[in-house]
Amino acid sequence: MKIGRLVKQHIKQIFSHCDNVDHDEINSLLDPKYSKNTFGIHFSFARELKNIEQSQSKRYWTETYLVRGKQVRVTSQWFEKSKPLFIEYLQSKGITPAEHERNEDEDTKKKQDQPPSSRANSRYRGNHIGNAQNLFIRNVLSSIGVETFNKENWKSTKEYFSHRCAYCDTKTKLQMEHAIPINKEKLGEHRLGNIVPSCELCNRKKSGKDFREFLEGNTTAISKIEKYMDSRNYVPLDDNAQIKKILIMAHKEVAALADRYITIINLLFAESSNAERGKA
Ligand SMILES: [Zn+2]
């Protein structure tokens with residue numbers, strides 16, 4: 001798939017990650033330097049609509065998104081070489097890339113061979129159901145308790161760790177990282193005490209692991225994080241069998257629900273494209 005199409009397919013998921021999981025991420029995506037380091041592109045991933053000058057308007061796609069109260073557009077300036085970086089970025093944010101590399105000719109051939117509904121099903125169904133399930137679990141886990149994690153919290157967290165990566169102790173640009181990851185196995189939450197500063201590399205390498213697993217015997221770093229969690233009264237849910245059971249149930253139910261709605265939408269899609277064909 002062409003890089004532009006790949007990016008377009010994931011914009012909504014990236015922004016929903018900014019809205020629901022990592023509130024500071026949109027600020028990074030607005031930063032040209034971050035975009036250069038993360039994707040190897042020369043424009044910021046996104047730009048606020050009010051800041052796009054006429055001369056630059058062609059560098060951004062016309063669709064406007066509302067993210068954390070900002071109206072933004074996404075840059076159209078992508079090169080094929082950015083593809084692995086973009087896929088890596090998606091994975092680091094827990095987003096499953098929608099489609100793997102495929103031969104465009106084969107793609108065209110398949111389109112002619114198969115009815116549109118089954119084509120759409122086989123291509124998207126698995127990933128989309130997985131995304132719906134993960135998003136749901138993340139939303140539930142992020143909404144337990146009342147407090148939210150705000151800019152001040154992030155500032156004080158970085159200060160606590162002396163503006164260093166909580167894992168490798170380097171002083172560099174820091175990202176929000178969930179020491180206990182937000183998924184149905186580990187039951188991490190998006191709140192003060194579980195969010196620690198991390199360098200980009202550690203963030204990417206750690207992905208779905210628990211901080212203790214990831215740090216493998218680095219007792220200094222482990223106890224520093226544990227002490228931090230304690231100091232912020234963060235009590236991990238990890239051995240709460242009841243919550244785990246409920247989430248596993250919800251995970252299954254979401255799959256059934258997503259499956260049902262994808263079928264309905266695909267039927268609609270098949271009908272409208274049959275109608276199109278009828279016209280031609
Ligand atoms: Zn690090």
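You'll find the structure just up there.
Figured I'd write up the structure that's included with this text. (Residues numbered from 1 in each chain as written. Predicted model: local features only at pLDDT ≥ 70, side-chain atom pairs only at ≥ 80, totals over all residues. Heavy atoms only, no water.)

**A short note on the overall build of the protein**
Across its full length, the protein carries eleven helices and five strands. A burial count over the protein gives 41% of its 280 residues as buried. For the protein, the proportion of contacts with a sequence separation of at least 24, taken over those separated by at least 6, is 68%. Accessible surface, the protein as shown: approximately 15600 Å² in total, 52% of it carbon and sulfur. (Helix = DSSP H or I, 4+ residues; strand = E, 2+ residues; numbered from the N terminus. Buried < 20%, exposed > 50% of the residue type's maximum accessible area, 1.4 Å probe, protein only. Contact = heavy atoms within 4.5 Å. Areas by Shrake-Rupley, 256 points an atom, 1.4 Å probe, with all protein chains shown as cover.)

**So, a nonpolar patch on the surface**
A contiguous nonpolar surface patch, about 400 Å² in accessible area, is contributed by L257, Y261, I264 and I265. Note that Y261 resides in helix α11 (residues 241-279). With relative accessibility at 45%, the residue Y261 sits in the partly exposed group. (Patch = residues over 30% accessible without salt bridge, like charges linked within 9 Å, V, L, I, M, F, W, Y side chains within 5 Å. Salt bridge = Lys/Arg side-chain N within 4 Å of Asp/Glu carboxyl O.)

**Here's the deal with the pattern of salt bridges**
Under the definition given, this model contains nine salt bridges. Between K50 and E48 there is a salt bridge; the shortest N-O distance is 3.7 Å. A relative accessible area of 16% means that E48 is categorised as buried. Notably, a salt bridge pairs R204 with E200, separated by 3.6 Å at the nearest N-O pair.

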